Amino acid sequence: MSDASELPERKEEEEVSPEPEEQSDDSSEEEAAGDTEMDFLRNLFSSTLGLGSADKVLDDLTLDGVARYINSGKCKNIICMVGAGISTSAGIPDFRSPGTGLYANLQKYNLPYPEAIFQIDYFKKHPEPFFALAKELYPGQFKPTICHYFMKMLKDKGILKRCYTQNIDTLERVAGLEGEDLIEAHGTFYTSHCVSFCCRKEYNLDWMKEKIFSDDIPRCDKCSSLVKPDIVFFGENLPVRFFTSMKMDFPRCDLLIVMGTSLQVQPFASLVSRVSKSCPRLLINMERAGQADPLLGLLGFGGGMDFDSDKAYRDVAQISTCDDGCLALADLLGWKAELEELVKQEHTRIDGQDKKERSCEKKEAAAKASSASVAPEPKEEE
């Protein structure tokens, strides 16, 4: 599937019962829901009673102000929240753009409705559309973007706490972020599992790729059930690690950078409210997103972005493509040349690796064709 854009909204009412060893999924989600309710009450009382006023960290609510804060050395735990918009410049469609988005171009699969292609019950009965789409958008066919490598630079400089991604394309991994650096909120193509609760055998990326590009429906070697990439479909729980990590990471965050997401998909969107009240938040996106609901804003709750009001003190909106926004920030930080060189080197390396793999594939195909064309020698009669 996609190097793909983020998956669509998860419907809370469409949860399936996890297998016995995964009971922590439900408990983690219930705890997260309880935490959200407590956050509401804390924020409401704190606003009503005038408690817990936040310090203004940025000297200016601009990209320059964010850059000065990063360069001050006080910013040591950056969290990035990213969505489909960071991968569109790699050639991967997002979900919702009119005309060009994924949902607008699924007619050829004869689906009852566009979202069905990511619905777990539909997949189990009709896996063909999903795997046909997966072949079109399979990881490994695209290169990471400037935005991906900007996050790699944050890691290399020791100031990236974590990247929370809605994307399933594995481009963060290709760019150099590793498992510990990532929370893949909507899952990943990196691994796959048998869908049978009694089996759950794991398969790697290469195994799944071979099946998909052979136009075979991937089935388990052990029990013959379907094998599905570990991406989160409608009707499935988010990874347990998403819920456990967010409780530890966000209270420690001292700069939240949100890129390429509409902040409409829950529970991912609610993460912006989990940082401390003094934590600056930078949005790099083609349009403003995540702004507080007016009614909840009157109550002092919602944790939504506030870019323009008289009370705005920590949120900055950079309205541009994610790549342009990252380049602009890198320029202000004095990192632009370093970032451009990193992108150039890595893209050259990936192109060389792809060329080598294609050459090997051609040689293997030629060898098979040559072997098949040689007639077997007749056996001598005794």
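The structure we're discussing is the one just above.
It should be emphasised that the depicted structure is a prediction, and the values quoted were computed from it without experimental measurement.

What counts, and where the lines are drawn
- Residues numbered from 1 in each chain as written.
- Predicted model: local features only at pLDDT ≥ 70, side-chain atom pairs only at ≥ 80, totals over all residues.
- Heavy atoms only, no water.
- Pairing = 2+ DSSP bridges.
- Helix = DSSP H or I, 4+ residues; strand = E, 2+ residues; numbered from the N terminus.
- Axes fitted to C-alpha atoms, helices over the stretch in contact; angles between N-to-C directions.
- Contact = heavy atoms within 4.5 Å.
- Core = buried A, V, L, I, M, F, W, Y, C linked by side-chain atoms within 4.5 Å.
- Buried < 20%, exposed > 50% of the residue type's maximum accessible area, 1.4 Å probe, protein only.

**A few points about the sheet that holds strand S7 (residues 255-259)**
Working step 1: The sheet built from six strands is open, its strands ordered S3-S2-S1-S7-S8-S9 with parallel pairing. The open sheet has two edge strands, strand S3 (182-184) and strand S9 (315-319), and neither has a second partner. Neighbouring strand axes in the sheet, compared pairwise and without regard to direction, differ in orientation by 15 degrees on average.
Working step 2: Here strand S2 (residues 160-165) runs beside S3; their pairing, made up of three bridges, is parallel. In the sheet register, tyrosine 164 faces S3, and the bridge partner there is isoleucine 183.
Working step 3: Across the sheet, helix H8 (residues 240-249) is in contact with strand S1 (78-82), S2 and S3; its angle to S2 comes to roughly 145 degrees.

**With respect to the environment of leucine 342**
Working step 1: By the secondary structure assignment, leucine 342 is in helix H11 (residues 336-373).
Working step 2: Along the chain, leucine 342 and isoleucine 146 lie 196 residues apart, while their C-alpha atoms are 9.0 Å from each other.
Working step 3: Not counting chain neighbours up to four residues away, the residues in contact with leucine 342 comprise Tyr149, Lys152 and Met153.

**Overview of unusual backbone geometry**
Only a minority of non-glycine residues have a phi that is not negative, and only a minority of peptide bonds are not trans.
Working step 1: Put simply, glutamine 266 and proline 267 share a cis peptide bond, and its omega is 5 degrees.
Working step 2: Following the sequence through the fold, proline 267 ends up in the loop between S7 and strand S8 (281-285).
Working step 3: Positive phi is not limited to glycine here, since aspartate 215 has a value of about 60 degrees.
Working step 4: Locating aspartate 215 in the fold gives a position in the loop between helix H7 (205-213) and strand S6 (227-231).

**A word on the sheet that holds strand S4 (residues 187-194)**
Working step 1: Within the open sheet, the three strands sit side by side as S5-S4-S6. Their pairing is antiparallel. Looking at which strands have only one partner, the edges of the open sheet turn out to be strand S5 (202-204) and S6. Averaged over neighbouring strand pairs, the angle between their axes works out to 40 degrees when direction is ignored.
Working step 2: This element, helix H4 (residues 128-136), spans S4 and S6 of the sheet and lies at about 60 degrees to S6.

**Some points on the nonpolar core**
Working step 1: If you look at the biggest cluster of nonpolar residues, it comprises 41 residues, and the most contacted ones within it are Cys80, Phe150, Leu154, Ile257, Met259, Trp335 and Leu339.
Working step 2: Mapped onto this core, the elements with two or more residues apiece are helix H2 (63-71), S1, helix H5 (146-156), S2, S7, S8, helix H10 (322-333) and H11.
Working step 3: At seven residues, the largest contribution of residues to this core is made by H5.
Working step 4: Within the second largest apolar cluster, 28 residues are counted, among which are Phe118, Ile168, Cys194 and Tyr203.

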